[in-house]
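So the chains spell out like this:
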Amino acid sequence: MMGSMAAGNLVPVFANMDFWTQVVEQHPEFFARVGRLQEAVRSIVDPAYEGLDGGQQMHMNMLMLTAIGVAEIVTLVGNGMGHGAMKIVRGVMENAINMEYMRQIPDQAEKYLEWQWVEQHKLHKHLEESSPALHAEIPQEKRDSDEAEYRRVRPLFQYQVQTRTGGAKTKMQDGWCREDLFHRAERVGLAQSYRTVMPSANQILHGTISGWIRDLDEVTRRIEYPPTHKWGGEALIAAHMALVQAIETASLALNATPTPSLETLKEDFQAAWGENPPKISEAAVHAEIASEPIEDDEDGEESE
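A.B. asks: Describe the pairing of strand E4 (residues 168–172), with residues and values.
C.D. replies: When a strand is regular, its side chains alternate between the sheet's two faces. In this sheet, E4 lies alongside strand E3 (residues 158–162) in antiparallel orientation, the contact comprising five bridges. The residue bridging valine 161 from the neighbouring strand is lysine 169, located in E4. Taking the residues that link successive antiparallel strands as the turn, the E3-E4 hairpin has five residues, and the phi of glycine 166 there is positive, at about 95°.

A.B. asks: Describe the environment of histidine 83, and please don't skip the residues or the numbers.
C.D. replies: Position of histidine 83 among the secondary structure elements: in helix H4 (residues 82–104). Between the C-alpha atom of histidine 83 and that of aspartate 215, which follows or precedes it by 132 residues, the distance is 8.3 Å. When neighbours within four sequence positions are excluded, histidine 83 is seen to be in contact with Ile204, Asp215, Lys230 and Trp231.

A.B. asks: So what's going on with the packing of H4 against helix H5 (residues 106–130)? Residues and values would help.
C.D. replies: Packing of H4 against H5 brings their axes to within 5 Å, and their N-to-C directions diverge by 125°. In terms of their interaxial angle, H4 and H5 are classed as oblique. Between H4 and H5, the residues in contact are Tyr101, Met102, Arg103 and Gln104 and Pro106, Gln108, Ala109 and Tyr112, respectively. Of the residues in the contact of H4 with H5, the class split is five nonpolar, two polar and one charged.

A.B. asks: Describe in detail the packing of aromatic side chains, supporting the description with residues and values.
C.D. replies: All told, the structure shown has six aromatic pairs when counted by the stated rule. Judged by centre distance (6.2 Å) and plane angle (70°), the rings of tyrosine 101 and tryptophan 176 are edge-to-face. Highlighted residues: tyrosine 101 in helix H4 and tryptophan 176 in the loop between E4 and helix H8 (181–187), separated in sequence by 75 residues. By relative accessible area, which is 1% here, tyrosine 101 ends up buried. Between tryptophan 115 and phenylalanine 157, the aromatic rings sit 4.8 Å apart at their centres with planes inclined by 80°, giving edge-to-face as the arrangement. In this pair, tryptophan 115 sits in helix H5 while phenylalanine 157 sits in the loop between helix H7 (140–153) and E3, placing the two residues 42 residues apart along the sequence.

A.B. asks: If you had to explain empty space enclosed by the protein to someone new, which residues and values would you point to?
C.D. replies: Applying the stated criterion across every chain, the model contains one cavity of 30 Å³ or more. In this model, the largest cavity occupies a volume close to 30 Å³. As for the largest cavity, its lining consists of Phe19, Val23, Gln26, His27, Val77, Thr228, His229, Gly232 and Gly233. The set of elements that each furnish at least two residues to the lining of the largest cavity consists of helix H1 (17–26) and helix H11 (232–253). Among the elements that take part in the lining of the largest cavity, H1 stands out by supplying three residues, more than any other. Here the lining of the largest cavity is composed, by residue class, of three nonpolar, six polar and no charged.

Parameters and conventions
- Residues numbered from 1 in each chain as written.
- Predicted model: local features only at pLDDT ≥ 70, side-chain atom pairs only at ≥ 80, totals over all residues.
- Heavy atoms only, no water.
- Pairing = 2+ DSSP bridges.
- Helix = DSSP H or I, 4+ residues; strand = E, 2+ residues; numbered from the N terminus.
- Contact = heavy atoms within 4.5 Å.
- Axes fitted to C-alpha atoms, helices over the stretch in contact; angles between N-to-C directions.
- Parallel < 35°, antiparallel > 145°, perpendicular 65-115°, else oblique.
- Nonpolar A, V, L, I, M, F, W, Y, C, P; charged D, E, K, R; others polar.
- Phe/Tyr/Trp six-rings, centres within 6.5 Å; stacked < 30°, edge-to-face > 60°.
- Buried < 20%, exposed > 50% of the residue type's maximum accessible area, 1.4 Å probe, protein only.
- 1 Å grid on protein atoms, 1.4 Å probe; cavity = no way out; pocket = protein on both sides within 12 Å on 5 of 7 lines; lining within 4 Å.
- Points joined across faces, edges and corners; volume = space filled by probe spheres on them.

Here it is as structure tokens:
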């Protein structure tokens, strides 16, 4: 946000400091306990582990990314920008779901890690087509190495579909996992977390009419300019939920015991939000989960 003129110079202002105390007063139980979440994360990521495999390293880093996202959410809510916080909520909840999905289904962790070479391949193709001169600046050794890695992992992401004529053709999946996020959550017991958070978070992130219409003031029918408490509580609930889940998943993946304990962290969540915390929105309660197709239809692109 931009501040006022001082001595002829525009002074940038990056915080609504007077608003912070109002947010803390609205959610005192959360702010009284949020420090323990940070302690628990550090108790898992700070020790020097020996012999971690790739999946365990991934879980540690994803826990750190989730914790950073929660810190960003708290910062935005504290400054009256809950709408922006809800956009980050989408990412931290997806991280938490993916972490548990890959912990319970380890072969999916391998695909998650190897998908980087598919993305690298796509980047090379994009540069080659849109900026040939820039692509030529990449050392040939690097280009050859990346292409070799792509060809090595490509079979992991290919599958067969039947054609109308009774034949079969090879397809390349669109992402690292052929199951959409809801079904990943459902398989590992996190469907309720998905239903509570993701419909509203997705609508806000993608700017759908349902996403922004709920920001309208009931009287003026206009969107309130920040700082505002709109979406602040919802974002904190979702962030708290996601980080507790990520801590639990990482502790199991790393065979680590967080301090404070998981039991304490779950008790803190209940103390902050109640035994049955409120839904992120009424829309989330009634939202229909539209699953993405697990397999493309016949008219999709063929595998390379």
